[in-house]
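An overview of the molecular structure
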Amino acid sequence: MGRSTFENSDNGLLSKAPQPVQNFIRSNEFFGRVAVIYGAYKITQLKSAALKLQGKDPKQLWHNQHSWAGEQMYDLCISLRGFYLKAGQFIGARADFIPEEICSKLCLLQDQVPPMPAERARQVACEELGISDMSEVFEWIDLDKPIGSASISQVSRTRSTTEQHCWTAWHCGSEPHGRPLLIVYGLTRGRMRRVI
């Protein structure tokens, strides 16, 4: 799977850039990758026309193109997350006019979103809490195996230094104001309450 510019950046410099710069880079990455997918479709149209002129059926050609495009779109959505993930979920649910091969890949975004990399999750949590090390707040936290992951958040099992059992949820992208959101809930005597 390809990785976005943010995931490839040295020392996370791009994630520390001002929000307008991050938005510009994400938009450029999106349009660059979409241009490749679109270009491949135009080439496939030419190949299909040539096959038809030869009296051959282009069905397999189109099946291969749609399968490849579905993989590329899925990778794009996973790499850029946020809005792009939600858009991929919407497209994946539109089997009425989107090719089946693309829908079958994008529908995985409905309930099988890979979690944010543990290192990025650690960075988001530390930035939001204003700490340099997770042990300042958490006795332990399992960032490698989140309990759940979706388009806008993921949940990990934790134990904070003040609560017996905690569940942590954070936004995988950014709020409109450019800040990640971290919420820690504690489970005490069967009641869930916000801890941090």
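Along each chain, the written sequence defines residue order, and numbers are assigned to residues from 1. Local features in this predicted model are restricted to residues of pLDDT 70 or higher, and side-chain atom pairs are both shown and tallied only at a pLDDT of 80 or more, whereas totals for entire chains, interfaces and linings draw on every residue. Side-chain metrics rest on all non-hydrogen atoms present in the structure, leaving aside hydrogens and water.

**Looking at the pattern of salt bridges**
What counts, and what does not: When a carboxyl oxygen of Asp or Glu lies within 4 Å of a side-chain nitrogen of Lys or Arg, that pair is called a salt bridge. The secondary structure listing takes helices from DSSP runs of H or I that are at least 4 residues long and strands from runs of E that are at least 2 residues long, numbered from the N terminus. The cut-offs for exposure are 20% and 50% of the maximum accessible area for each residue type, with area from a 1.4 Å probe on protein chains only; residues under the lower value are buried, those over the upper are exposed, and the others partly exposed.
In this structure the tally under the stated criterion is five salt bridges. A salt bridge links Glu71 to Lys105, with the shortest nitrogen-to-oxygen separation between them at 3.4 Å. Of this pair, Glu71 sits in helix H3 (residues 59–80) while Lys105 sits in helix H5 (residues 100–106), and the two are 34 residues apart along the sequence. Judged by its relative accessible area of 19%, Lys105 is buried. In this structure, the salt-bridge partner of Asp96 is Arg94, at a minimum N-O distance of 2.5 Å.

**Details of the packing of H3 against helix H4 (residues 82–92)**
Convention followed: To get an axis, fit a line to the C-alpha atoms, keeping to the stretch in contact for a helix; angles then go from 0 to 180 degrees between the N-to-C directions. Note on convention: the crossing is left-handed when the near helix lies turned anticlockwise from the far helix by less than a right angle, right-handed when the turn is clockwise. We call two residues in contact when some of their heavy atoms are within 4.5 Å. Residue polarity follows a fixed list, in which Ala, Val, Leu, Ile, Met, Phe, Trp, Tyr, Cys and Pro are nonpolar, Asp, Glu, Lys and Arg are charged, and the others, Gly among them, are polar.
Two numbers describe how H3 lies on H4: the axes approach to 6 Å, and their chain directions differ by 145 degrees. The crossing of H3 and H4 is left-handed. Here H3 contributes Cys77, Ile78 and Leu80 to the contact with H4, which in turn contributes Gly82, Tyr84, Leu85 and Gly88. Tallied by class, residues from the contact of H3 with H4 come to five nonpolar, two polar and no charged.

**Considerations on the packing of aromatic side chains**
What counts here: Between rings of Phe, Tyr and Trp, where Trp is taken as its six-membered ring, a pair exists when centres lie within 6.5 Å; planes separated by under 30 degrees are stacked, by over 60 edge-to-face, and by other angles tilted. Each ring is checked for a lysine NZ or an arginine CZ that lies within 6 Å of its centre and within 35 degrees of its normal; such an atom marks a charge sitting over the ring.
As enumerated under the stated definition, the model contains four aromatic pairs in all. A centroid spacing of 5.0 Å and a plane angle of 75 degrees characterise the contact between Phe30 and Phe31, whose relative ring orientation is edge-to-face. A relative accessible area of 22% places Phe30 in the partly exposed class. A residue is classified by how much of its surface remains accessible, and Phe31, at 54% relative accessible area, is exposed. Summarising the aromatic geometry, the rings of Tyr41 and Trp62 are spaced 6.1 Å apart at their centres and angled 25 degrees between planes, so their arrangement reads as stacked. Note that Tyr41 is positioned in helix H2 (residues 19–53) and Trp62 in helix H3, a separation of 21 residues in sequence. Of the residues examined, Tyr41 reaches a relative accessible area of 18% and is grouped as buried. We classify Trp62 as partly exposed; its relative accessible area is 22%. The rings of Phe30, Phe31, Phe83 and Tyr84 are connected pair by pair, giving a single aromatic cluster. Between the NZ or CZ atom of Lys105 and the centre of the ring of Tyr74, over which it lies, the distance is 4.5 Å.

**Quick notes on the nonpolar core**
Worth spelling out the cut-off: Definition of nonpolar core: a set of buried residues of the types Ala, Val, Leu, Ile, Met, Phe, Trp, Tyr and Cys, connected through side-chain atoms within 4.5 Å.
With 13 residues, the main nonpolar core has Ile78, Leu85, Ile102 and Leu109 as its most contacted residues. Mapped onto this core, the elements with two or more residues apiece are H2, H3 and H5. The greatest single-element share of this core, amounting to four residues, is contributed by H3. In terms of nonpolar packing, the next biggest core, distinct from the first, is built from 12 residues, Ala118, Ala121, Val124 and Ile131 among them.

**Quick look at the packing of H2 against H3**
Heads up, the rule is: Note that the term roughly parallel is reserved for angles under 35 degrees, roughly antiparallel for angles over 145, roughly perpendicular for angles of 65 to 115, and oblique for everything else.
The interhelical angle for the contact between H2 and H3, taken along N-to-C directions, is 180 degrees, at an axis separation of 10 Å. When the axis of H2 is compared with that of H3, the two are roughly antiparallel.

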